[in-house]
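An overview of the molecular structure
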Amino acid sequence: MAMLAANIMWGLMAPVSKEALNYFADNGVSPVVLPAFRMAGATVCFWLMSAMSRHERVAKADMPLILLGGLLSVAFNQNLFICGIAYTSPVDASVVTTMLPIITMLLAAAILGEPITGLKAGGVATGTAGAILLVMSNGDGLTFDKSHALGDAMCLGAQLSFALYLVLCKRVMSKYSPVTLMKWMFLSATVVTMPFSGPSMTDISWGEVPMAVWGEVAYVVFIGTVMTFFLVPIGQRLLRPTVVSSYNYIQPVVSAAVSLMLGLATFGWVKGAAVALVFSGVLMVSRSRAKSDSIKTKE
């Protein structure tokens, strides 16, 4: 239930963010203000929660890795993903997120020396073909749109950044509570990005922003960020990694359904083929990883 709820919330993130970003774009406001709201708001929430919970000291030797995790999983990931949604459709953005296992596997092979099996290689090729087709798709045809491609590339970069976080920061992620980790990670991300996104805040006509837009911003901060960061550790603690990763497929389904209802995206046969290729590639990689884990367990 925790993983189902979290992935439904994340699936709604793309269309909800798109609606808010459309308002900001129509009023000459940079899309960087939305991730700035998200990071600053979540930072305040996590530090308040930390003040009300048991104090947990972080070892000095672990702090650089935690701060690096904040840059990779929060600053770069969230800025690239939300700004990418401003240029592409919510459906494309959510489909790109499902490529995280493929990217993580490639980085683990390059950095940690994990072997790449034939099934993994086939999954990478299939998923990559789907990603290329997704970038080239437009309705029921194939056309290259620079803005659309830029948005997809930024969302893909967000997954690359998060995959680096998973590979490089794994050692410290299990040592501390989620609140302790998140308060430092979000704080470091906010400190680094605010000098770049802060000036754009002055472009907002605060008194003229509709309540619906503030509601969308609040959803991004409190539901799509704070609540999901509490739900996911529950799922990770009680479920196998392969089961946890399978819930990622819920995101594009929710995003596509809501986006189509709101008229924020179209879904033709080309995009459907691209989604099928991406899903197949991720499934191949996930099955290969699950088989590898099973062999290690038996050994």
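Anything mentioned here points back to the structure above.
Residues numbered from 1 in each chain as written. Predicted model: local features only at pLDDT ≥ 70, side-chain atom pairs only at ≥ 80, totals over all residues. Heavy atoms only, no water.

Under the defined criterion, the tally for this structure stands at one salt bridge. Notably, a salt bridge pairs Asp62 with Lys175, separated by 2.7 Å at the nearest N-O pair. In this pair, Asp62 sits in the loop between helix 2 (33-51) and helix 3 (63-85) while Lys175 sits in the loop between helix 8 (170-173) and helix 9 (178-197), placing the two residues 113 residues apart along the sequence. Overall, Asp62 belongs to the buried group, its relative accessible area being 3%. (Salt bridge = Lys/Arg side-chain N within 4 Å of Asp/Glu carboxyl O. Helix = DSSP H or I, 4+ residues; strand = E, 2+ residues; numbered from the N terminus. Buried < 20%, exposed > 50% of the residue type's maximum accessible area, 1.4 Å probe, protein only.)

As for its placement among the helices and strands, Ser200 is situated in the loop between helix 9 and helix 10 (211-238). Apart from residues lying up to four places away in sequence, Ser200 is in contact with Val29, Ser30, Val32 and Val33. (Contact = heavy atoms within 4.5 Å.)

Here the focus is helix 3. An α-helix turns once every 3.6 residues. As a result, residues three or four positions apart point the same way. Under the 1.5 Å per step criterion, the end-to-end length of helix 3 is 32 Å for 23 residues, consistent within 8% with the ideal 33 Å. The largest bend in helix 3 amounts to roughly 35° and is located at Asn77. Among the 23 residues that make up helix 3, 17 are buried, leaving the element largely enclosed by the rest of the structure. (Expected span 1.5 Å × (residues − 1). Bend = angle between axes of the 7 residues up to and from the residue.)

For the rest of this paragraph, the subject is the packing of aromatic side chains. Within this structure, the stated rule accounts for seven aromatic pairs. Every member of this aromatic cluster is reached through a ring pair, and the members are Phe37, Trp206 and Trp214. One residue, Lys183, lies across the ring of Trp47, its end atom 4.5 Å from the ring centre. (Phe/Tyr/Trp six-rings, centres within 6.5 Å; stacked < 30°, edge-to-face > 60°. Lys NZ or Arg CZ within 6 Å of the ring centre and 35° of its normal.)

Bringing the packing of helix 4 (residues 90-97) against helix 12 (residues 250-262) into the picture now. Axes are the key here: two packed helices are described by the angle between their axes and the distance separating the axes. The interhelical angle for the contact between helix 4 and helix 12, taken along N-to-C directions, is 180°, at an axis separation of 8 Å. In terms of their interaxial angle, helix 4 and helix 12 are classed as roughly antiparallel. Listed contacts from helix 12 to Pro90, Val91, Ser94, Val95 and Thr97 of helix 4 are Gln251, Pro252, Ser255, Ala256 and Ser259. Across the contact of helix 4 with helix 12, the residue classes break down as five nonpolar, five polar and no charged. (Axes fitted to C-alpha atoms, helices over the stretch in contact; angles between N-to-C directions. Parallel < 35°, antiparallel > 145°, perpendicular 65-115°, else oblique. Nonpolar A, V, L, I, M, F, W, Y, C, P; charged D, E, K, R; others polar.)

On to a nonpolar patch on the surface. Residues Leu68, Ile111, Leu112 and Leu168 make up a contiguous nonpolar surface patch of roughly 320 Å² in combined accessible area. When you line up the elements, Ile111 lands in helix 5 (residues 100-112). What makes Ile111 partly exposed here is its relative accessible area of 42%. (Patch = residues over 30% accessible without salt bridge, like charges linked within 9 Å, V, L, I, M, F, W, Y side chains within 5 Å. Areas by Shrake-Rupley, 256 points an atom, 1.4 Å probe, with all protein chains shown as cover.)

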